[in-house]
Amino acid sequence: MGKSLVIVESPAKAKTIGKYLGSDYVVEASIGHIMDLPKNDIGVELKRRTFEPTLIVSPGKEKVVDRLKKLAAKADMVYLAPDPDREGEAIAAHLSIQLLPMMKDKSKVRRVTFNEITKKAVQAAFLNARDIDEDLVDAQQTRRVLDRLVGYQVSPLLWDKVRRGLSAGRVQTVALRLIVEREQEINDFNPVEYWTIDAQLEPTANKQSFTARFVGVNGVSARVANGKDEEGKELFLSNALPDHEAVDEVVSELKVAKWSVRSVEKKERRSNPKAPFTTSKLQQDAAGRLGFNVRRTMGVAQRLYEGVEIGAEGTVGLITYMRTDSTRVSADAIAEAREFIGKLGAKYLPATPNEYLGKKQVEAQDAHEAIRPTSVKYTPDSIRKYLSDEQYRLYKLIWQRFVSSQMTPAVFDQTTVDIVAQAKLAYDFRVTGSVLKFEGHLRFEEEDKRARQAAKDKAAKEEASAKPVVDAGAAAQGGSEEEDEAEARLPELSNGEALRLQKLDPLQKFTQPPPRFNEASLVKTLEEKGIGRPSTYASIINTIQDRDYVKKIQSKFVPTEIGTVVTKLLVKNFPYIFDTAYTATLEGELDAVEDGTERWTDLLNGFYDHFEKELNVASDNMEDVKRMEQKTDEVCDNCGSPLILKWGKFGSFYSCSNFTKVKPMTIAAGPWKKDSKGVTKKVTSAFAFPLIVKATTEDVVEYSKEVGDAKEMTSAIAEAAEQGKKVTVEPVSCDFTKENFAAKPDLSAPGADETPEEEACDNCGRTMVLRNGPWGPFMACPGYNEDPPCKTIRKLNQKVQQKPPVQLEESCPKCGKPLLLRNGQYGEFISCSGYPKCKYIKQELLDVKCPKDGGDIAVRKTKRGDLFYGCVNYPKCDFASNLKLVNQTCPKCDSAYVLEVVNDKGTYLVCPNNREALPKRRKKKGAPEEEPTTPPCTYEKKIAGPAPIPVIERPDPEKTRAVVESVA
């Protein structure tokens, strides 16, 4: 009997499943999708409106497909086991297309799905194998076709009208629209002034003071007008006064008022546990509590789902499938959680299991459960030593959320005290306090708080013991946290009790604009508006950053100028397709395709009717930003002429209106001497006065003079010929330009250059690495060059917004203009402010002369960022070295320089003729063998030992990032 072939997406998942299935199964990985639409063509049939996609084997996956075909031909059964969602179903369908021709019995290809990678779930899935769900495949295919239609037909418009290389996305553009419109709200925001009044009071019976807030007069709430909402309804700020005059009037009354307690209301408040995590809620909590971005959260969750080595147990899948809209949990998981909770104490266990029904539960794929641990017995602390810091922290978040979801409510004692200050009028004040009476489902959070507090106390105690001399005055002023908490608690108060005023604290405030989106708030908004699906949020956020449409500054999304321009163009010219409500409607229709209640071709026909109309209108009417020339009130720093706003490679910039693109005319010495009048006539017929006569020598301007008539020009040309090698005449033109920094995010702000976090490969879960290729740097899977390869990559956008250049006190040695410190593709560099006319770039030079032509040797960088040393006279002189040249004569062979060689044994000075000691250079393909032109030398001297290996300590995951405590 032959073996059965099981195909999953990733090698990590294959390893875990293989352990559960045994030797009768061969488990292989497809490493993600194996088929896709072609890149060089739209790949969708549009003439007859069938929308049939043209699928091909994904480039780089040929070896993977060939291997799977050979294994399938030998197998008794083929089980397709990608993830249990639309993408997984599509992968299974594509595998079926490739493998069925290899199978004699077509019924031997079956689909298996499981929500968790545990032995019980995997074995149960194989007992319930099924056919491929064509409705799920259609839903995935429809989404892919929709995105292809928009991307491949709208992007060329942007290339023509804005900048080549831009792209549009059906869902990403709508997400970007939210960010751009939020930025517009912030820019248009007009703050409203308001005042609050706090009163510090104490009972006459004791000295325990407390603070109450002013809320109204004579039972009528105090409020300040705060504009209108979208529907025109007036908005108000509660418990506030409008201006200083009103505050002074109230304060003067309060100073002479009689204060007393009007009423004391005590009640018990309950805080119910929250549902287990869905994908979006996990992304939001991981961002808020752990500081993980969405990409990092999903990468870590993927590895927890696919399996982690747990000691003698081997590889264990620790959580259920992490892409889900459902809050449903299996009965077995609930029973296990209740058994665990019962051991904590009967007071924590509700009489019946808690059930959760989310707003979208009806729409959720009920085959999926909420995200939960596969077994409660794997407590975070018991397996901590097997997990990385980020895995431990995310797993702990998931584990605690699931277990607490089946616990009893937390109970608080809440006290609300209404206070009256009686003067001419009765001024109302209120204070509310609450105390945790029973922790219930907050047990784990309270334990974490106590642990953090104990760690702080221990650290403070150790610090105090290390400092025997204590400032007695400072010690007397400070108090313990217990004392601070005691002061914050409300004293015992009774109805009608008199109070004594200690202090009034009026405070001026202004309303704040809506905050910029961070990852958590953007995910929340996308979910609320029904844009995309939780499984696509990471891709959406990555895409708008990779395209340089937004920047992250202090963890908030700020639209770039190009992002703002593209969004406004697309929203204006495609008002229906990029409408938020319509995008959400499409998601509902995709769900209908998945459920089998709507045909995928009907959905696409309805979409394309709207899209084609808007596409035709946009092709004719979209603004041509690329050729924009807009008049401004700005004036040129050089000549005082008005500046024009134009569009360039990196966005908008100001250019002098007195600029001309006419090329200068060269005055050759021979024709000038032979017929100066003829040359003058030729110049005056081509150009109008005033003109500039220049003389240059190797691009350095030696002479320059503005002339107003032919006589002055003749004299100036004669002078110029004596001072420079090349004489030119050109119209007066001002080449002054400056960037439009007001339209660009401030990249010099703190937090603008955040260190990128590690990201995981979407296919195999390994940490992505930075690589360099012919078109620049990109992130790639470490298995990029393996056999079979994992070709997962993420391009890094090089057209980034640069920081403003900084003017230096140093002057250009060629033209005398100030030098500027600029930011370029390969980092910072210093160049002349007169660019492009003066192309001087300051270089770091060695104190060694070039051995070929005697020129200077400069420190340079390759496209990959590696340092090398080359002659400044390149390309005339092609001398270059990967090793640093040192200005020291070789004591053995009198070489004018030696080379610095650094390896794992130390740092050496080596003669360039010591060919045995120098690193071996790889010969270029097809190049002839070079014969040495100098006699061999053996000089080598060690000048330093190997660099010390840094000791990396394993950080405490609880201290690596501040945790935001939840407020009950």
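Residues numbered from 1 in each chain as written. Predicted model: local features only at pLDDT ≥ 70, side-chain atom pairs only at ≥ 80, totals over all residues. Heavy atoms only, no water.

### Describing helix H18 (residues 580–595)
Taking 1.5 Å of rise per residue, the 16 residues of H18 would be expected to cover 22 Å, and the 23 Å separating its terminal C-alpha atoms lies within 8% of that figure. Buried residues along H18 sit against helix H3 (86–99), helix H5 (134–161), helix H6 (172–188), helix H15 (519–529) and helix H19 (600–621). The backbone nitrogen of Ala581 has a side-chain oxygen 3.2 Å away, supplied by the residue at the start of H18, namely Asp579. Just downstream of H18, Gly596 is the residue with a positive phi angle, here 85°. (Helix = DSSP H or I, 4+ residues; strand = E, 2+ residues; numbered from the N terminus. Expected span 1.5 Å × (residues − 1). Contact = heavy atoms within 4.5 Å. Polar contact = N/O pair within 3.5 Å; in protein donor to acceptor, adjacent residues only side chain to side chain.)

### Digging into the pairing of strand E15 (residues 410–422)
Taken across its 13 residues, E15 has eleven buried, putting it largely inside the fold. Pairing of strand E12 (residues 258–271) with E15 involves 13 bridges; the strand directions are antiparallel. What sits directly across from Ser263, in E15, is Asp418. Relative to strand E16 (residues 426–438), E15 runs antiparallel, the two being bridged by twelve bridges. By the bridge assignment for E16, Gln414 is matched with Ser434. Connecting E15 to the antiparallel partner E16 that follows it, the hairpin turn spans three residues. (Buried < 20%, exposed > 50% of the residue type's maximum accessible area, 1.4 Å probe, protein only. Pairing = 2+ DSSP bridges.)

### A closer look at the nonpolar core
Core analysis: the biggest nonpolar cluster contains 114 residues, and Phe114, Leu318, Leu394 and Phe574 have the highest contact counts within it. Beyond its immediate chain neighbours, meaning those up to four positions away, Phe574 contacts Val154, Leu157, Phe611, Glu614, Leu615, Ala618 and Met622. (Core = buried A, V, L, I, M, F, W, Y, C linked by side-chain atoms within 4.5 Å.)

### Describing the sheet that holds strand E2 (residues 25–29)
Strands sit in the order E2-E1-E5-E6 across an open sheet of four strands; the sheet is parallel. Every other strand in the sheet has two partners, leaving E2 and strand E6 (109–111) as the edge strands with one partner each. When the angles between neighbouring strand axes are averaged without regard to direction, this sheet yields 25°. Pairing analysis gives three bridges linking strand E5 (residues 78–80) to E6, with the strands arranged parallel. Bridge pairing links Tyr79 to Arg110 in E6. (Axes fitted to C-alpha atoms, helices over the stretch in contact; angles between N-to-C directions.)

### Observations concerning the sheet that holds strand E42 (residues 940–944)
Spatially, E39-E40-E41-E42 is the arrangement adopted by the four strands of the open sheet, whose pairing is antiparallel. The open sheet has two free edges, formed respectively by strand E39 (884–886) and E42, since each of these has just one partner strand. Within the sheet, the average angular offset between the axes of one strand and its neighbour, ignoring direction, is 35°. The pairing of E39 with strand E40 (residues 898–903) spans three bridges and is antiparallel. Looking at E40, one finds that Val886 is bridged to Val898.

### Thoughts on the state of the cysteines
The bond known as a disulfide is covalent and runs between the sulfur atoms of two cysteines. A full pass over the atoms with the stated rule returns zero disulfides. Looking at the unpaired Cys871, the closest cysteine sulfur is the one in Cys877, lying at 3.8 Å. The thiol sulfur of Cys890 is not disulfide-bonded, and the nearest other cysteine sulfur, from Cys893, lies at 3.6 Å. Of the residues examined, Cys890 reaches a relative accessible area of 1% and is grouped as buried. (Disulfide = S-S within 2.5 Å.)

### Regarding the UniProt feature "site: Interaction with DNA" (unreviewed entry) in the chain
As annotated by UniProt and renumbered to match this structure, "site: Interaction with DNA" (unreviewed entry) occupies His33, Arg143, Arg144, Asp147, Tyr152, Trp159, Arg323 and Arg547. Along the chain, Asp147 turns up in helix H5. Residue Asp147 is classed as partly exposed on the basis of its relative accessible area, which comes to 28%. With respect to the helices and strands, the residue Arg323 is situated in the loop between strand E14 (315–316) and helix H10 (331–344). Take Arg323: its relative accessible area is 21%, and that puts it in the partly exposed class. For Arg323, the residues in contact, after removing those within four places along its chain, are Asp83, Asp85, Thr279, Met298, Gln302, His368 and Ser535. Side chain to side chain, Arg323 and Gln302 meet in a polar contact 3.4 Å long. (UniProt positions renumbered as here; feature names shortened; annotations may be inferred.)

### Some thoughts on a negative patch on the surface
A contiguous patch of negative charge, built from Glu185, Asp188, Glu230 and Glu231, is present on the exposed surface. Among the secondary structure elements, Glu185 is positioned in helix H6. Taking the relative accessible area as the measure of exposure, Glu185 reaches 43% and is therefore partly exposed. (Patch = residues over 30% accessible without salt bridge, like charges linked within 9 Å, V, L, I, M, F, W, Y side chains within 5 Å. Areas by Shrake-Rupley, 256 points an atom, 1.4 Å probe, with all protein chains shown as cover. Salt bridge = Lys/Arg side-chain N within 4 Å of Asp/Glu carboxyl O. Lys, Arg positive; Asp, Glu negative; His and termini not counted. Charge placed at Lys NZ, Arg CZ, Asp CG, Glu CD.)

### Details of the pattern of salt bridges
Counted under the stated rule, the structure contains 45 salt bridges. A salt bridge links Arg49 to Glu612, with the nearest nitrogen and oxygen atoms 2.8 Å apart. Taken together, the residues span a long stretch of sequence, with Arg49 in the loop between strand E3 (35–36) and strand E4 (56–57) and Glu612 in helix H19 at a distance of 563 residues. On the accessibility criterion, Arg49 (24% relative accessible area) is partly exposed. Of the residues examined, Glu612 reaches a relative accessible area of 31% and is grouped as partly exposed. Within this structure, Arg86, Arg533, Asp591 and Glu594 form a network of salt bridges that share partners.

### Details of the side chain of Ser375
Inspection of the secondary structure assignment puts Ser375 in the loop between H10 and helix H11 (389–405). At 2.7 Å, the side chain of Ser375 and the side chain of Glu336 are in polar contact. Excluding residues within four positions of it along the chain, Ser375 makes contact with Glu336 and Tyr395.

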